[in-house]
Amino acid sequence: MRNFKQVLFGIGCYAVLNVAAYAAESWPAVEAKLKKADVPAAQSERVIAQAKQVGADAATVGAWADRIVSARAQQLPAELLTERMMQGLVKGVPAGRIERALDDLQNNLAWCKQALEAHVAKAELRARPQHAVQAMRQLEGGLRAGLSTTHWEQILGKTVLTLDQLRAVAETSTDLRTLGAPVEQVVVTMHEAAKGGADARELDKLSREFSGGVAKGGAAAELMQEFRRDLQAELRQNVRGSEFAPQRPDMPSGGDMRGPDMQPGGGDRPGGY
Amino acid sequence: MTNRQKQDIDEQRLDAWLGSMPVLPPSPGFVDGVMRAVRNPKRSWHQRAWDFCFAPRVVRFNFAGATMAAVVAFASAWMLWNASPQSAQLAGRGAATVTQATVKVRFTLDQQDARRVALVGDFTQWQTQIPLKRAPDGAWIAEIALPAGDYEYMFVVDQTQWVSDPRAQRYRADGFGNRNAVVTVPSV
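Source: prediction; values computed, not measured.

Each value, and the rule that gives it
Within any chain, residue numbers begin from 1 and follow the written order of that chain's sequence. Each chain gets a letter, beginning with A, and each ligand a number, beginning with 1, in the order they are written. Totals for whole chains, interfaces and linings use every residue, but because this is a predicted model, local features are given only for residues with pLDDT of at least 70 and side-chain atom pairs only at 80 or more, for both listing and counting. Values reported for side chains reflect all heavy atoms of the structure, with hydrogen atoms and water molecules removed beforehand. We count a stretch as a helix when DSSP gives it H or I for four or more residues in a row; a strand needs E for two or more, and each element gets its number in order from the N terminus. To sort residues, take the accessible area from a 1.4 Å probe on protein chains only and compare it with the maximum for the residue type: under 20% means buried, over 50% means exposed, and anything in between is partly exposed. Note on definitions: a residue-residue contact is assigned when non-hydrogen atoms from the two residues lie within 4.5 Å. Note on areas: these come from Shrake-Rupley sampling with a 1.4 Å probe, and a residue is covered only by the protein chains present in the view. Each Phe, Tyr or Trp ring (for Trp, its six-membered ring) is paired with any other whose centre lies within 6.5 Å, and the angle between the two planes then decides the class: stacked below 30 degrees, edge-to-face above 60, tilted in between. Charge-over-ring placement is defined geometrically: NZ (Lys) or CZ (Arg) within 6 Å of the ring centre, and within 35 degrees of the ring normal. By definition, a salt bridge exists where a carboxyl oxygen of Asp or Glu is found within 4 Å of a side-chain nitrogen of Lys or Arg. In this scheme, strands are said to pair when DSSP sees at least two bridges between them. We call a set of buried Ala, Val, Leu, Ile, Met, Phe, Trp, Tyr and Cys residues a nonpolar core when their side-chain atoms join them within 4.5 Å. Note on method: axes are straight lines fitted to C-alpha atoms, helices fitted across the in-contact stretch only, with angles between N-to-C directions ranging 0 to 180 degrees. Angle categories: roughly parallel below 35 degrees, roughly antiparallel above 145, roughly perpendicular from 65 to 115, and oblique for all the rest. In this classification, Asp, Glu, Lys and Arg are treated as charged, Ala, Val, Leu, Ile, Met, Phe, Trp, Tyr, Cys and Pro as nonpolar, and every other residue, Gly included, as polar. What makes a crossing left-handed is the near helix being turned counterclockwise from the far one by less than a right angle; a clockwise turn instead makes it right-handed. Confidence of the prediction at every residue is given by pLDDT, a number between 0 and 100.

Draft legend 1. A look at the overall build of chain B. From N to C terminus, chain B includes five helices and nine strands. In chain B, which comprises 188 residues, the share counted as buried stands at 27%. Residue pairs at least 24 apart in sequence account for 60% of intrachain contacts in chain B once pairs closer than 6 positions are excluded. Of the accessible surface of chain B, which amounts to about 14,000 Å², a share of 61% is contributed by carbon and sulfur atoms.

Draft legend 2. The arrangement of the side chain of Gln87(A) in detail. Position of Gln87(A) among the secondary structure elements: in helix 5 (residues 78–90). With residues up to four places along the chain from it excluded, the contact list for Gln87(A) reads Trp126(B), Asp174(B), Phe176(B) and Asn180(B).

Draft legend 3. Quick look at the packing of aromatic side chains. Residues and elements named next belong to chain B. This structure, assessed with the given rule, holds five aromatic pairs over all chains. Considering the side-chain rings of phenylalanine 107 and tyrosine 153, the 4.8 Å spacing of their centres and the 75 degrees angle between planes classify their relative orientation as edge-to-face. Of the two residues, phenylalanine 107 is situated in strand 1 (residues 102–109) and tyrosine 153 in strand 6 (residues 149–157); the sequence distance between them amounts to 46 residues. Of the two residues, phenylalanine 107 and tyrosine 153, both sit in the buried class. What links up through ring pairs into an aromatic cluster is the set Phe107, Phe123, Tyr151, Tyr153 and Phe155. A cation over an aromatic ring shows up here: arginine 57 above the ring of phenylalanine 52, its NZ or CZ 5.0 Å from the ring centre.

Draft legend 4. View of the pattern of salt bridges. One pass over the full model with this rule turns up 24 salt bridges over all chains. For Glu117(A), the salt bridge is made with Lys113(A), and the minimal N-O distance between the two is 3.2 Å. Linking Glu117(A) with Lys113(A), this pair stays in helix 6 (residues 95–119), spanning four residues, or about one helical turn. Ionic pairing is found between Arg170(B) and Asp175(A), a salt bridge with its closest N-O pair at 2.5 Å. On the criterion of chain membership, the pair formed by Arg170(B) in strand 8 (residues 170–173) and Asp175(A) in helix 10 (residues 163–178) is interchain, its members lying in two chains. When its relative accessible area of 4% is taken as the criterion, Asp175(A) is described as buried. Beyond isolated ion pairs, a larger network of salt bridges with shared partners links Arg167(A), Glu171(A), Asp175(A), Asp204(A), Arg208(A), Arg170(B) and Arg172(B).

Draft legend 5. Expanded view of the pairing of strand 8 of chain B. Residue and element names in this part refer to chain B. Bridge count between strand 8 and strand 9 (residues 179–185): four bridges; the pairing is antiparallel. Residue pairing for strand 9: tyrosine 171 is matched across the bridge by alanine 181. In this structure, the hairpin formed by strand 8 and strand 9 is closed by a connection of five residues, where glycine 175 is found at a positive phi of approximately 85 degrees.

Draft legend 6. Structural detail: the nonpolar core. Residues Leu116(A), Leu139(A), Met190(A) and Leu203(A) are the most contacted members of the largest nonpolar core, which totals 74 residues. Counting 23 residues, the second-largest nonpolar core is a separate cluster that includes Val157(B), Val163(B), Ala181(B) and Val185(B).

Draft legend 7. Representation of the packing of helix 4 (residues 58–73) of chain A against helix 6 of chain A in the model. Residues and elements named next belong to chain A. It is the contact of helix 4 with helix 6, at a shortest axis distance of 11 Å, that shows an interaxial angle of 5 degrees. Comparing the axis directions of helix 4 and helix 6 gives the class roughly parallel. The segment helix 4 lies against helix 6, with Thr60, Trp64, Arg67, Ser70 and Ala71 engaging Ala95, Ile98, Glu99, Leu102, Asp103 and Gln106. When its residues are assigned to classes, the contact of helix 4 with helix 6 shows five nonpolar, three polar and three charged.

Draft legend 8. The packing of helix 5 of chain A against helix 6 of chain A, seen in detail. All names here are of chain A. Contact geometry for helix 5 and helix 6: axes closest at 10 Å, N-to-C directions at 160 degrees. In terms of orientation, helix 5 lies roughly antiparallel with respect to helix 6. The handedness of the crossing between helix 5 and helix 6 is right-handed. Across from Leu80, Leu81, Arg84, Met85, Gly88 and Leu89 in helix 5, the residues of helix 6 making contact are Ile98, Ala101, Leu102, Leu105, Gln106 and Leu109.

Draft legend 9. Looking closely at the confidence of the model for chain A. All names here are of chain A. Per-residue pLDDT for chain A averages 83, and the proportion of residues at 70 or more is 82%. Mean pLDDT across the elements of chain A bottoms out in helix 1 (residues 2–24) (67) and peaks in helix 9 (residues 149–156) (96). When the criterion is pLDDT under 50, residues 244–273 qualifies, and its contacts beyond four places in sequence or with other chains add up to 58 contacts.

Draft legend 10. Representation of the confidence of the model for chain B in the model. All names here are of chain B. This prediction gives chain B a mean pLDDT of 84; 89% of its residues lie at or above 70. For the stretch residues 84–99, pLDDT sits under 50, and the model shows six contacts to residues farther than four places along the chain or on other chains. For this predicted complex, the interface confidence score (ipTM) comes to 0.71, while the overall pTM stands at 0.65.

Okay, structure coming up:
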């Protein structure tokens, strides 16, 4: 009986503390959290002003700010969370939905970071942080478009890519999926593109042809087959071209952006991702 | 008789009693024993360090000196904060944006019945609305300079209606059940 009373007392204290913490959350505290997450002062002022305008309370926005701080601690591009939060606020999205979107975004970005570290050389990630964020944006856009992490693992396989290659593969895969191409076809075709070291211009050209075909009312599955045929032809041409081009282990040959494992005899990275 | 007088009498009696006592010499070794007990033993360095740190001290100060010390401490902390790597990084980020090469991008929306159209997107962190101008043919147009990259955006018609650009190069789900238009700015 005495233990029961103690437990009850503990629960009561916990509840009171929680209520007190919730009540104590204020706009200056939210501002301090945003500052901790490196959000520029002007931006956090606008976020708070917008939140007040749509009637969001400090405790709710404080919880979102906590998520941004936690994303920063995970070394994720927290500015993307701030943007998503702001986007939700200006579009008048309900608070619960913004909460879920931020949750999804943080999880997605954590996965994207791992994918980048697994498929791009560390030196390039260090040297081109802004491009790394762009590539993460593309991968995250793909996850939002319905390509799951499993699909991305199948697309990227064990390849080692440059940031530009990875961004191009991610962008094209997402475009194809958004335009209605069947997932299985996207996965198989884009894995070939990644493995074959297709460059951004080739993929962009093929993607435009695909979207043009869809705009004219073509069936996505058939257009996808056409895309794959054209891609394979381009990749064969690249292989033939690279046989005569001077080889450098650190540089794609003849404008082609193929990574180290794409060089003749390179193959997939052993024991990789 | 007052208490004071009683106390004086007691003291006189005590003096008389003490004077009647025989004067005895101390036993051999008594003086040495007392001196040994009161002599300060040699203390180890960590005991001295402990005392140095934790022995209570009296600090004397005046108001002018304390105010001056507080001002110096505050100014030092402010200067350290401004010279921190975090601030330097933020300043650098802004500078990079200013010097980066940009490309003028034209956004167009053919919405004849609209009274006001604005553009919002990644390029303004979804914060500032860029107003579009009505062209003679009735279309709404804005031109903005952007650095290379992909940008998600939407139009806001009459401050209430969110519209995806029907002529966009591509689209992305916005995470809230709608889709944003995407514009790709090539590097120059």
